[in-house]
Amino acid sequence: MNISTSMAVFTAVIGLIGIGLYCLLITRNLIRVVVALQILVKGAMLALVFVGQMQGQPSLGQSMALTVIVADTIVAVVGLALAVQVKRYVGSLDIAEISKLKR
Amino acid sequence: MWFYIILVGIIFCAYQAVRDKRLLLSAMWLAGTSALVSIMMYLLGAYQIAVIELSVGAGLVTVLFVFAINIAGDEPIPNLSFIPKSLARIFIVLAILIIGWQILPLLNFPISINQDTGFQLIVWESRKVDLYLQVVMIFAGVISMLRLLTDDFQRQIPTEVHE
Amino acid sequence: MLQIEPLVLLTILLSWIGAIVVWLIGDRNEKIQHLFSIVFSVTAAISAIAMLWVYKSGTILSFSMGASYGDFSFITDGLGLFLSVVATVIGCLAIIFSVDYMKGSAQLGRYYSFVLFFIGAMVGLVLTSNLLLMFIFWEITALCSYALISFHNDDPKAVAGGMKALIMTQIGGLGLLLGALLLYAYAGSFDINIFISNPALFPSNILAIMAFGFLIAAAAKSAQFPFQTWLPDAMEAPSPISALIHAATMVNAGVYLLARFFPAFKDVPGWTLSVMIVGMLSALMAALMALVSTDLKRVLAYSTVSQLGFMVYAVGAGGILASQFHLMSHSVFKALLFLAAGAVIHSVGTRDMREMGGLGKDLPFARMVFIIGSLALAGIPIFNGFWSKELILESGLEHGNPIWIYVIMLIVTGLTALYTTRCVWLVFYSDRKTELHIHPVGKNMKIALIPLAFGAITTWLLIGPFSQLMSSSLPIHNIEVLSLASLFEHVILAPATWITLAIIGLGIMTWFGRDSLSGVQKFVSPLGKLAESSFGFEEINKFIVRTTNSLGENLRITQTGKLNWNVFFILIGLVGVFAVLLIGA
């Protein structure tokens, strides 16, 4: 592997994290929030694997990435279940409708 | 050369996932992103993780999304965001620049794809606490999802059954 | 042939599985919930006693967590074993008592599962030898204590008491975490025995930080000075909870911590003196506050703080055997007192002692067990409190400890007798001034109280095997072996004992002759007023709580409830951290 490929991976990581965060700042739909989280986590996972290879401990990086995959799948599962329930009880998926904090 | 193509593909798919108005298409673009990320990890030399990510990210999660979107409905929501888009864009670029600048000096460039077979050893032996925590998390997630989704399943039963 | 290793796991797991089972049974089957919780706690107690039977020294049970995290290990030595027996036995007696006390109460599942969860966590805390695991169990006991104090969560006083207890014991938990992390940083592992056997490995300032961190953790957990205000407010909990958690088990965790780490820290300059002073101040202040309080459970709570002060003082003075022996006696008689007080309060319906009086004729059984408990507390001979308190006072005279602290502890012993007599008199013997509706003590309450009363009279007979167990399994602590005969010699023939008995007699006589001492009373009444406002500590507490609340109100504007804004602030935080790193690097 040479410089250019590692730069490519690095750009992919930064790009994914950036796009995920941008979507979290912009969206109003609850399910799209889950999509944004998934994108963010893929960036983090790629970064872990990449750094593991770079430091000479590929197995450690991969086992951490495994933990991250499990965690983010569970987040997706519970997040989607919650979104479905919110739609049923409140009537809409817009986050403006569901923010009921008293001011 | 392949790396560049996949890089462009990832950025494109991710951006489309964010920008598309319909949720189902968004989920499809997300599946595409997962597949491309998994291929990139394969090219980096992490074979086991690539397989797991392909099956979970591009398979399981996409099926879940399709389910959820079908149940919840796909109505359009007015897209006026609370934070002005230009402010968000400036912020993101700033954040990325700072993070990138911090990480850049850490990249030691001459690296090789050294493959050791230690993956199994590390997951099952050295990092046992991680393993136990993952098992607990999976159980907790499954149980909570079941509780959440069967709750309203019972409400469909007509109320004459209650005495 | 029964091995000890599975019994360790069995004691902890039985309680935890019992917690889950009782919760899952649901609140509609009340009788089954009572039955199952009794069954699980009794089997856990039997398993703990069986551990004593099959004890052989040097067994270690460890679960390997991989090379990165070390082992989660349990060591069964004398200190841990007897505390786990105390926790499970008193736990099962408190649960039997709760069958009558909590009859008809709502949400019983939550109550029983937290009690069983707590018992399992306490057993784990005293049996483990991995400092990280000990911290985890410590936090679990704090959580269960908070949940049980605020059990009646529609009562604002109970909730406030629970929050106060949680905040103060968490401050202590920070001290423990700090010590654990320093241990890991300097020794590479969390194992306690490595640390205790050669503390010289550590540089002396790190050792001093760890020593005082542990002292803060122990003082916060055992409600010692300056953290003593949470225990009296925790008396909003149901009485079996006060007996179990706040008299017999959780508050002992602090004393256990000090006793276990004593050989490592005893050479840190100023540490033993600070421990003795903390113990002395708590004992003195709490005894004074007990003297002027009018709520029955608060008197017992202050008495707990005071007796714990005695134990902490004994650890500082070097008498580990004396402090653990007093811990055993205190658990028994204080649990007895709290449960008897609970029976009285349940029968009468009020906690204020000024409204009670003359209850001796109506509740003879409660009167008898309460008097047994208070004689043990005051240190009258034959009861177990006498022997253990004498051992503590004697260890204060040895090892070259300062004499003035000993004199003050002697005065506190007299005060103990005084407030105990006052309490018994006000509840059971004086004239009743208000109309009360009394109903008799329930059967299960009596079943729970009888073994404790028996124990208060007899546990001192176990000194021989007790000291044998501790000295053979804790070689580093240098504990001496005391047989029953040498106990008699030590205590009865020492002149210090006669002085103490005289002071106790003086204390009791002071109560009965209080009319003729009215001049002295007027003289000390400003002190009494000071004691009632708990020497200004309550004001400090209220100030802290008020400031936190107003700060929270003013910062509420940042909580918009909209996801985008929240993520925006997270992002600002991230950029801030990186900017600081950029400048700092």
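The rules behind these values
- Residues numbered from 1 in each chain as written.
- Chains lettered and ligands numbered in written order.
- Predicted model: local features only at pLDDT ≥ 70, side-chain atom pairs only at ≥ 80, totals over all residues.
- Helix = DSSP H or I, 4+ residues; strand = E, 2+ residues; numbered from the N terminus.
- Buried ≥ 20, exposed ≤ 12 C-beta atoms within 10 Å, placed from the backbone.
- Contact = placed C-beta atoms within 7 Å.
- Rg over C-alpha atoms; globule rule 2.2 N^0.38 Å.
- Nonpolar A, V, L, I, M, F, W, Y, C, P; charged D, E, K, R; others polar.
- Expected span 1.5 Å × (residues − 1).
- Core = buried A, V, L, I, M, F, W, Y, C linked by C-beta atoms within 7 Å.
- Arc of directions from axis to C-beta.
- pLDDT = per-residue confidence, 0-100.
- Axes fitted to C-alpha atoms, helices over the stretch in contact; angles between N-to-C directions.
- Parallel < 35°, antiparallel > 145°, perpendicular 65-115°, else oblique.

S.K.: Can you walk me through the overall build of chain B in this structure?
M.R.: Helix and strand counts for chain B come out as six helices and zero strands. If you list the helices and strands of chain B from N to C, you get α-α-α-α-α-α. Within chain B, the proportion of its 163 residues that are buried is 23%. Counting only contacts in chain B whose residues sit at least 6 apart along the sequence, the fraction spanning at least 24 positions is 46%.

S.K.: Explain the overall build of chain C to me, please; I cannot follow it from the model alone.
M.R.: Per the secondary structure count, chain C includes 25 helices and two strands. Compactness check: chain C gives a C-alpha radius of gyration of 24 Å against a globular reference of 25 Å for 585 residues, within 12% of the reference. For chain C, the spread of C-alpha atoms along the principal axes amounts to about 75 × 55 × 55 Å. Within chain C, the fraction of its 585 residues that count as buried is 51%. Intrachain contacts of chain C at a sequence separation of at least 6 include 81% that bridge at least 24 residues.

S.K.: What is the right way to look at the environment of F212(C) in this model?
M.R.: Residues and elements named next belong to chain C. Tracing the backbone shows F212 in helix α8 (residues 204–221). On the basis of neighbour counts, which here come to 18 C-beta atoms within 10 Å, the residue F212 falls in the partly exposed class. Along the sequence, F212 and S274 sit 62 residues apart, while their C-alpha atoms lie 9.0 Å from each other.

S.K.: Help me understand the interface of chain A and chain C, please; the structure alone is not making it clear to me.
M.R.: Accessible area lost upon the coming together of the parts serves often as the stated size of an interface. At the interface, eight residues of chain A touch eight residues of chain C. Elements with a minimum of two residues in the side of chain A that touches chain C: α1 (3–26) and α4 (95–98) of chain A. With three residues, α1(A) is the largest single contributor of residues to the side of chain A that touches chain C. For the side of chain A that touches chain C, the per-class residue count stands at seven nonpolar, one polar and no charged.

S.K.: Would you take a moment to explain the environment of Q16(B) for this structure?
M.R.: With respect to the helices, strands and loops of the structure, Q16(B) is situated in helix α1 (residues 2–19). Along the chain, Q16(B) and W29(B) lie 13 residues apart, while their C-alpha atoms are 6.6 Å from each other.

S.K.: Explain helix α17 (residues 384–397) of chain C to me, please; I cannot follow it from the model alone.
M.R.: Note on helix geometry: an α-helix contains 3.6 residues per turn, so any two residues three or four positions apart are oriented the same way. Residue and element names in this part refer to chain C. Along its 14 residues, α17 runs 21 Å from first to last C-alpha, staying within 8% of the 20 Å computed at 1.5 Å per residue. Counted residue by residue, α17 has 13 buried out of 14 residues, so it is predominantly covered. H399 occupies a position one or two residues after α17 and carries a positive phi of about 55 degrees.

S.K.: How do you make sense of the nonpolar core when you look at a structure like this?
M.R.: A general trend in soluble globular proteins is that nonpolar side chains are found buried together. Ranked by size, the top nonpolar core spans 196 residues in total, and within it L336(C), L339(C) and A340(C) carry the most contacts. For this core, the element with the highest residue contribution is helix α15 (residues 320–348) of chain C, accounting for 18 residues. Among residues more than four places away in sequence, those in contact with A340(C) are A366(C), V369(C), F370(C), G373(C) and L449(C). In terms of nonpolar packing, the next biggest core, distinct from the first, is built from 71 residues, V84(A), A27(B), I49(B) and A95(B) among them.

S.K.: What am I meant to see in helix α5 (residues 119–126) of chain B here?
M.R.: All names here are of chain B. Regarding α5, the residues found buried are F119, I122, V123 and S126. Down the axis of α5, the buried set is contained in an arc of 125 degrees. They therefore lie on one face. Opposite its buried face, α5 presents the exposed residues Q120 and W124, each directed more than 90 degrees away.

S.K.: Looking at this structure, I do not really get the interface of chain A and chain B. What am I missing?
M.R.: At the junction of the two partners, chain A supplies 59 residues and chain B supplies 68 residues. Where the side of chain A that touches chain B is concerned, the elements lending two or more residues are α1, α2 (30–55) and α3 (58–90) of chain A. The biggest single contributor to the side of chain A that touches chain B is α3(A), with 24 residues. Residues belonging to the side of chain A that touches chain B are distributed by class as follows: 38 nonpolar, 15 polar and six charged.

S.K.: So what exactly am I meant to see when it comes to the confidence of the model for chain B here?
M.R.: Close inspection of predicted coordinates is inappropriate in any region flagged by low pLDDT. Residue and element names in this part refer to chain B. Overall, the predicted model of chain B reaches an average pLDDT of 81, with 84% of residues at or above 70. Confidence, expressed as mean pLDDT per element, reaches its minimum in chain B at α5 with 73 and its maximum at helix α2 (residues 23–44) with 93. This model gives residues 159–163 a pLDDT under 50, and the stretch forms zero contacts once residues within four places in sequence are excluded.

S.K.: Where do I start with the packing of helix α11 (residues 252–260) of chain C against helix α14 (residues 296–317) of chain C in this structure?
M.R.: Packed helix pairs are characterised by how far apart their axes lie and by the angle those axes make with each other. Residues and elements named next belong to chain C. Packing of α11 against α14 brings their axes to within 10 Å, and their N-to-C directions diverge by 5 degrees. In this view, α11 runs roughly parallel relative to α14, as classed from their interaxial angle. Contacts between α11 and α14 involve V255, L258 and A259 on the former and, on the latter, L308, M311, V312 and V315. For the contact of α11 with α14, the per-class residue count stands at seven nonpolar, no polar and no charged.

S.K.: Before we go on, may I ask you to explain the confidence of the model for chain C in this structure?
M.R.: Residues and elements named next belong to chain C. Looking at chain C as a whole, the pLDDT averages 85, with 99% of positions reaching at least 70. The spread of mean pLDDT over the elements of chain C runs between helix α23 (residues 518–532), the lowest at 75, and helix α4 (residues 108–127), the highest at 92. Our summary of model confidence lists the complex with pTM equal to 0.79 and ipTM equal to 0.90.

S.K.: Help me understand unusual backbone geometry in this model?
M.R.: Residues and elements named next belong to chain C. For the peptide bond that leads from F225 to P226, omega is -5 degrees, which places it in the cis range. Along the chain, P226 falls in the loop between α8 and α9 (230–233). Phi at Q107 takes a positive value of approximately 60 degrees, unusual for a residue other than glycine. Its location among the elements puts Q107 in the loop between α3 (78–101) and α4. Assessed through the 12 C-beta atoms surrounding it within 10 Å, Q107 is described here as exposed. Phi angles above zero are rare outside glycine, and I382 is one such case at about 85 degrees. With respect to the helices, strands and loops of the structure, I382 is situated in the loop between α16 (364–378) and α17. With 12 C-beta atoms packed within 10 Å, I382 lands in the exposed category.

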